[in-house]
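Listed below are the residues making up each chain.
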Amino acid sequence: MYPQSTTQPEWQNPAIVQVNRKPARAYYIPFATTKTALMHHKGMSPYYKLLNGTWQFSYYDKYSDAPDNFHTLDFDSSAWTSIPVPSNWQMHGYDKPHYTNVNYPFPVNPPYVPNENPAGLYIKEFTLPENWANKEVSINFEGVNACFYIWLNGTYIGYSQGTHIPAEFDLSDALVKGTNKLAVKVLKWCDGSYLEDQDFYRLSGIFRDVYLLARTPHAIRDICARPTLDETYTNGILKVNVDFTGEDPSEFEASLFDAKGQLLMSKAVSCTDFTFEVPNVRKWTAETPVLYTLVLHHQDEYIPIQIGFRKLEVASNGALLINGTPVKLKGVNRHDSHPDLGHYTPVNHMVEDLMIMKRHNVNTIRTSHYPNTPEFLRLCNEYGFYVVDEADLETHGTYAASDCNILTNDPAWKDAYVDRMIRMVERDKNHPCVIMWSLGNESFMGENHVAMATWAKWRDDSRLIHYEGTGFNGLVDGKPHPCVDVVSHMYDSVEDCEKQGQETEDMRPFFQCEYSHAMGVGPGDLKDYWDLFYKYPRLIGGCVWEWCDHSVRQTDETGEDSFVYGGYFGEFPHDGNFCVDGLVSPDRVPHTGLKDYKHVIQPVQVEAKDLSTGTLTLTNRYDFLDLSHLALEWTVTKDGIEIESGIVQDLNIYPHTTEDITLGYTHTHTKDGDYYLNLSFVQKTSTPWASRGYEVAFAQFELAVAPKISIPVVNTLECVQTAQHLTLIGEDFKYSFNTFTGSFESLTSNGVELLAACPQVSVWRAPTDNDRNIYHTWRGQMMHCSTAHVYQAGISEKTPHFVKLEVRYALGGPSVRPLLEGVTTYTVWANGEIEVAMDAQVRDNLDVLPRFGLELHMPQGNEQVTYFGMGPNENYIDLCRSSYMGLFHTTVNDLYEPYIKPQECGNHTHVKWALVQNQRGVGLIFKGDSEFNFSALHYTAHDLSDTPMAHLLKPRKETIVHIDYRQTGIGSNSCGPRLAEKYAFNEKEIHFAFSMKPIWTESIPADLERRFKPSL
């Protein structure tokens, strides 16, 4: 048996974080030749043996039920099942995925965890390669949740905890020739779980790589490479420290290779410290990720270390300088999350994430809230990303206890805190992508954090120390604790962010490590932040929360897949869909929020200097690249149709500079249509993440807008009136209006019915995730169940060519005063056009309306949609940067955005006209007196708001059309600040006018968008 503490077992004793674990070191794999070392493909090393694959497995709800002798050589495990390693056992039917954000899923009684602590037992047999004779063999576990014990051939090897940081053990004394039996016991909870209260699905097991390394005795143990630049940022200086397993250093050869694998310099070394100086070095940045390779040849090992020459500094104005240049961090927070694999992240999955980020102009990743695999950092080195490397530490759940610093100020937990910092820094210290060490997340602030920062600064003073908690309760003289080099906040409002930009005393860089909560539709406030980030040097950027929706894929009996969230598995406590808060879906489909983010942080800013001459001002917002790798493709459209185009190949604009260019278009002043200039900046050549012609940035400018045309009406209109109905008959239409309900009951054109239900005034939208706070106000005012009380409806004016109908009403729900009182006027013309004028007075003490407009239900088959407005992506008043004005053809199905938790979606702003029709070309066209909001879905707002998960939604056969004066903005108030006033729909006087008319495709005139107002 394994040794026990005299008081508590290792897994409930914060003083014990390991038994027999080898000291932390830099990550590397030794190779047998220089050639294979330069390939950085660890599978080519004869000293590396991956143990991933199928392992025998047995799960127990209580660790006490697990057999004590399972690790012995004579234990019969033939009846056990199997499980893939790496994996989380909850993803294979054992236990259940458990999502919680802040709250611990067990009582807050540190260091104790539940007595009924589940356990997973693993057995793996392996044989050693013959050429490993006389080698020292270690085993490496890159990630195990939450703690584990290991045995080899019945011999106890050791214990470790710390889920996302590696554990290495020496196996040499227990190895035998032939078959070796490795046994591992993993416990779901340990005292370390108090330090791992991250906002994600709680999953258990061996979820990262397991491998063996064969080493020559008296080998190189650790390598610390410090590449930097001289004062001119021209020449590279590489300082290297080497540590050996023995007491004295032995001679080795050090060689430096360039990015093409060409040898630059080499020297024989017989000490622990040496230096290479590289003249005119090629520098590493996220935009220019040039890598060198240091290879240390010692005995029969060739150890490669990726090197990036770069220098981090802080300017006197608080700017973050990389290689002497101020840089903005355009970041995201990224969890390890896969809908099928849980926390296991294979290389192709990580590459997919990075490629999508690159395509959307992201340059920074915060590894929330734990170190990612070493392979992930290697990829960030190669593709070019700045990384905020975060310690595996979060104690958010102690907030529910009497003292949120119950752990952070407890000396008994100091070693557990510092151990997590040591293992991260030692492992990742050679990666050029890492620019900050983070002390963790949402763990408040105490002396244990200071100890972490003190050690990290002693070990590595080349990077900045980050921790947001210093601004929470770690203030010293009113400022964040001096142990950090970066002032970091979460979810500051735009106003508070600007105050940080105007700071004159504390000139440490200000970094929004989390902001703009990307939950559901949104976030909708990104541009406002980035206007400030560019304005103030001290504001160095931020990381949007977060990269992907966390979810577990489920497949029903019909084979249909769906994504679920917290509570689906019956777990308690849980935090519902708060884990579904990403810029991409669980299977990595970009949401509208990511498309908007791409545009907000795009590297080319365009301003119109003189549109009459085609003169534009371009600003290069790359930090290190000129614009010569991009071409500018431009088009001029008239009423959405391209009429002129051109391309500019030579954009030699240096970083952080501005130049004017002039395009050679001709259509600028004509008023016979709506003219727009569209600009697209595309890649001239293919890159690893995008092909030639990929659009990196775009802009659009309005050139001219034609006036509306009045259409004379010469036909006559027949009006038949009964007690409660008005029937209006024209040449090819017949409308029925109910004077009791104040609404149309029927609109027919050539005998085709175009209404499935009476149009109604609408103020309710299915709450978005970012409406989660104001939602309660909306429901409290009964907006979700408001109906119209009609005071009066009938004819207010009648001529041979039109009839004007006036409806006076109040809109409200049970138990509250009406939300608003309004007058809607329908002017029905003899050509079939219905002018709609909606005037309303909103109640004075009402805060924000979700929307205001008219909701129509059109019959089954009205699936085709054409509109001239902002598209093709869904867009809202503050979530519209990825869309542009154009003519779009789509379908009702395609206008729907399948958010995992159904909510408002599919809206389009600045719409001038929209047409919804069936496959025969019959439909309704809507035209605005001014631009309006438009959507067409197979769901009502109540369908969306009343259905908890997308796979439970049942689409209606009808098409639900909304013609809105306005919707309130999106923001990011699911976790961020309240929606900015300029985006909130808080008007008290509403005046809205549009028209609708039955139409056949064949009868649509070319100047449709301008044929607005009928006239006599």
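Structure: see above.
The written sequence of each chain sets the order in which its residues are numbered from 1. Note on the predicted model: pLDDT of at least 70 is required for a residue's local features to be given, and 80 or more for side-chain atom pairs to be given and counted; whole-chain, interface and lining totals, by contrast, use all residues. To get the side-chain values, all heavy atoms of the structure are used, and hydrogens and water are removed first.

### Quick word on the overall build of the protein
Working step 1: Runs of H or I in DSSP of at least four residues are treated as helices and runs of E of at least two as strands, each being numbered from the N terminus. The helix and strand tally for the protein stands at 11 helices and 63 strands.
Working step 2: The C-alpha atoms of the protein give 33 Å as radius of gyration, which agrees with the globular expectation for 1016 residues (31 Å, within 12%).
Working step 3: For the protein, the spread of C-alpha atoms along the principal axes amounts to about 105 × 65 × 55 Å.
Working step 4: Sorting the 1016 residues of the protein into buried and exposed places 62% on the buried side.
Working step 5: Any two residues having at least one pair of non-hydrogen atoms within 4.5 Å are treated as being in contact. When contacts within the protein are restricted to residue pairs at least 6 apart in sequence, those whose partners lie at least 24 apart make up 72%. Based on C-alpha atoms, the radius of gyration is set beside the globule rule, defined as 2.2 Å times the residue count to the power 0.38. Using a 1.4 Å probe on the protein chains alone, a residue whose accessible area is under 20% of its type maximum counts as buried, one over 50% counts as exposed, and one in between counts as partly exposed.

### Some points on the sheet that holds strand β1 (residues 18-19)
Working step 1: Pairing between strands is defined by DSSP: at least two bridges between them are needed. In space, the 7 strands of this open sheet follow the order β1-β10-β9-β12-β6-β3-β4, with antiparallel pairing throughout. What marks the edges here is a single partner per strand, and that holds for β1 and β4 (81-85).
Working step 2: Sheet analysis places β1 next to strand β10 (residues 155-161), joined by 2 bridges and oriented antiparallel. From the neighbouring strand, Val19 faces β10, where its bridge partner is Tyr159.

### Looking at the packing of helix α7 (residues 526-535) against helix α8 (residues 592-600)
Working step 1: As a packed pair, α7 and α8 sit with axes 10 Å apart at the nearest point and diverge in direction by 25 degrees. What the angle tells us is that α7 and α8 run roughly parallel. When the axes of α7 and α8 are compared, the crossing they make is right-handed. Between α7 and α8, the contacting residues are Leu526, Lys527 and Trp530 on the first element and Gly593, Tyr597 and Val600 on the second. Whenever a helix is involved, its axis is fitted only over the stretch in contact; in every case the axis is a line through C-alpha atoms, and angles between N-to-C directions fall within 0 to 180 degrees. An angle below 35 degrees is read as roughly parallel, one above 145 as roughly antiparallel, one from 65 to 115 as roughly perpendicular, and any other as oblique. We call a crossing left-handed when the near helix sits turned anticlockwise from the far one by less than a right angle, and right-handed when that turn is clockwise.

### Re the sheet that holds strand β42 (residues 658-662)
Working step 1: Within the open sheet, the 3 strands sit side by side as β38-β39-β42. Their pairing is antiparallel. Here the strands that pair on one side only, and so sit at the sheet edges, are β38 (604-610) and β42. Adjacent strand axes in the sheet meet at a mean angle of 30 degrees when their direction is disregarded.
Working step 2: Bridging between β38 and strand β39 (residues 615-620) involves 6 bridges; their strand directions are antiparallel. Paired with Val606 across the strands is Leu618, a residue of β39.

### Some thoughts on the side chain of Thr619
Working step 1: Counting through the fold element by element, Thr619 comes out in strand β39.
Working step 2: The class of Thr619 is buried, set by a relative accessible area of 14%.
Working step 3: For this analysis, a polar contact is any N or O atom pair within 3.5 Å, provided that within protein one partner can donate a hydrogen and the other can accept it, and provided that sequence-adjacent residues contribute only side-chain to side-chain pairs. Within the local environment of Thr619, its side chain forms a polar contact with the side chain of Thr658, the two groups lying 2.9 Å apart.
Working step 4: With near-sequence residues (within four places) excluded, Thr619 lies in contact with Pro603, Val604, Gln605, Thr657 and Thr658.

### Some points on the packing of aromatic side chains
Working step 1: Stacked, edge-to-face and tilted are the three classes for Phe, Tyr and Trp ring pairs, Trp counted by its six-membered ring, which pair at centre distances within 6.5 Å; planes under 30 degrees apart are stacked, over 60 edge-to-face, the rest tilted. Following the criterion strictly, the structure yields 53 aromatic pairs and no others.
Working step 2: The interplanar angle of 75 degrees and the centroid separation of 5.1 Å between the aromatic rings of Phe106 and Tyr194 together place this pair among those described as edge-to-face. Within this pair, whereas Phe106 is found in the loop between β5 (98-100) and β6 (119-127), its partner Tyr194 is found in the loop between β12 (179-187) and β13 (200-202), the two being separated by 88 residues in sequence. In terms of burial, Phe106 and Tyr194 fall into one category: buried.
Working step 3: Put simply, the rings of Phe70, Phe75, Trp80, Tyr149, Trp151, Tyr156 and Tyr159 pair up and form one aromatic cluster.
Working step 4: In this structure, Lys358 packs its charged tip against the face of Phe385, placed 5.2 Å from the ring centre.
Working step 5: The positively charged end of Arg621 is found above the aromatic ring belonging to Tyr534, 3.6 Å away from the centroid. Throughout this description, the term charge over a ring refers to an Arg CZ or Lys NZ atom that lies within 6 Å of the ring centre and within 35 degrees of the ring normal.

### Re the environment of Leu393
Working step 1: Counting through the fold element by element, Leu393 comes out in the loop between β28 (386-390) and α4 (414-428).
Working step 2: The buried category is assigned to Leu393, whose relative accessible area is 0%.
Working step 3: Along the sequence, Leu393 and Leu439 sit 46 residues apart, while their C-alpha atoms lie 7.4 Å from each other.
Working step 4: Sequence-distant contacts of Leu393, defined by excluding residues within four places in its chain, comprise Leu195, Gln198, His369, Tyr417, Leu439, Gly440, Asn441, Ser443, His449 and Met452.

### Some points on unusual backbone geometry
Working step 1: Residue Ala146 is reached from Asn145 by a cis peptide bond, and omega for that bond is 5 degrees.
Working step 2: For Ala146, the location among the structural elements is in the loop between β8 (144-145) and β9 (147-152).
Working step 3: A cis amide bond links Gly871 with the next residue in sequence, Pro872, at an omega value of 0 degrees.
Working step 4: Within the fold, Pro872 resides in the loop between β57 (864-871) and β58 (884-891).
Working step 5: The backbone of Asp477 sits at a positive phi, close to 55 degrees, despite the residue not being glycine.
Working step 6: With respect to the element layout, Asp477 can be found in the loop between β31 (475-476) and β32 (479-480).
Working step 7: Overall, Asp477 belongs to the exposed group, its relative accessible area being 77%.
Working step 8: In this structure, His656 takes a positive phi of about 60 degrees despite not being glycine.

### What about the pattern of salt bridges?
Working step 1: For salt bridges, the criterion is a side-chain nitrogen of Lys or Arg within 4 Å of an Asp or Glu carboxyl oxygen. Across all of its chains, the model carries 49 salt bridges by this definition.
Working step 2: Across the pair Asp460 and Arg463 runs a salt bridge, and its minimum N-O distance is 2.8 Å. Each member of the pair, Asp460 together with Arg463, is buried.
Working step 3: Linking Lys638 and Asp672 is a salt bridge whose minimum nitrogen-to-oxygen distance equals 3.0 Å.

### Brief notes about empty space enclosed by the protein
Working step 1: Grid points spaced at 1 Å over the protein atoms alone were grouped into cavities, where a 1.4 Å probe fits but cannot get out, and pockets, open sets with protein on both sides within 12 Å along at least five of seven lines, with lining residues defined by an atom within 4 Å of a point. Grid points are joined across faces, edges and corners, and a volume is the space filled by probe spheres set on the points. Applying the stated rule across the entire model yields 9 cavities of 30 Å³ or more.
Working step 2: When its volume is computed, the largest cavity comes out at roughly 110 Å³.
Working step 3: Lining the largest cavity are 13 residues, with Asn145, Trp189, Glu196, Phe200 and Arg202 positioned closest to its centre.
Working step 4: Sorting elements by how many residues they give to the lining of the largest cavity places β13 first, with 3 residues.
Working step 5: The residue inventory of the lining of the largest cavity, partitioned by class, reads 4 nonpolar, 6 polar and 3 charged.
Working step 6: As a volume, the second largest cavity reaches approximately 100 Å³.
Working step 7: Within the residue set of the lining of the second largest cavity, elements represented by two or more residues are β51 (757-762), β52 (787-798), β53 (802-812) and β54 (820-829).
Working step 8: Residue contributions to the lining of the second largest cavity peak at 3 residues, all from β51.
Working step 9: Polar here means any residue outside two lists: the nonpolar Ala, Val, Leu, Ile, Met, Phe, Trp, Tyr, Cys and Pro, and the charged Asp, Glu, Lys and Arg; Gly therefore counts as polar. By residue class, the composition of the lining of the second largest cavity is 8 nonpolar, 5 polar and no charged.

### Details of the layout of surface pockets
The gaps left among the atoms become clear once a water-sized probe is rolled over them.
Working step 1: Size it by volume and the largest pocket reaches roughly 640 Å³.
Working step 2: Around the largest pocket sit 25 residues that line it, and Lys527, His599, Phe698, Ala699 and Arg881 are the ones nearest its centre.
Working step 3: Elements that contribute at least two residues to the lining of the largest pocket include exactly α7, α8, β38, β44 (695-704) and β58.
Working step 4: The dominant element in the lining of the largest pocket, judged by the number of residues it contributes, is β44, at 5 residues.
Working step 5: Looking at the lining of the largest pocket, its residues break down into 13 nonpolar, 6 polar and 6 charged.

### Describing the packing of helix α6 (residues 494-501) against α7
Working step 1: Contact geometry for α6 and α7: axes closest at 10 Å, N-to-C directions at 5 degrees. Judged on the interaxial angle alone, α7 and α6 are roughly parallel. Of the residues in α7, those in contact with Val494, Cys497 and Glu498 of α6 are Asp528, Tyr529, Leu532, Phe533 and Lys535.

### Thoughts on the pairing of strand β21 (residues 292-298)
Working step 1: Counted residue by residue, β21 has 6 buried out of 7 residues, so it is predominantly covered.
Working step 2: Here strand β18 (residues 252-257) pairs with β21 via 5 bridges, running antiparallel. Note on β21: the bridge partner recorded for Ala254 is Leu296.
Working step 3: Pairing of β21 with strand β22 (residues 301-307), which is carried by 7 bridges, proceeds in the antiparallel orientation. For Val295, the partnering residue across the bridge sits in β22 and is Pro304.

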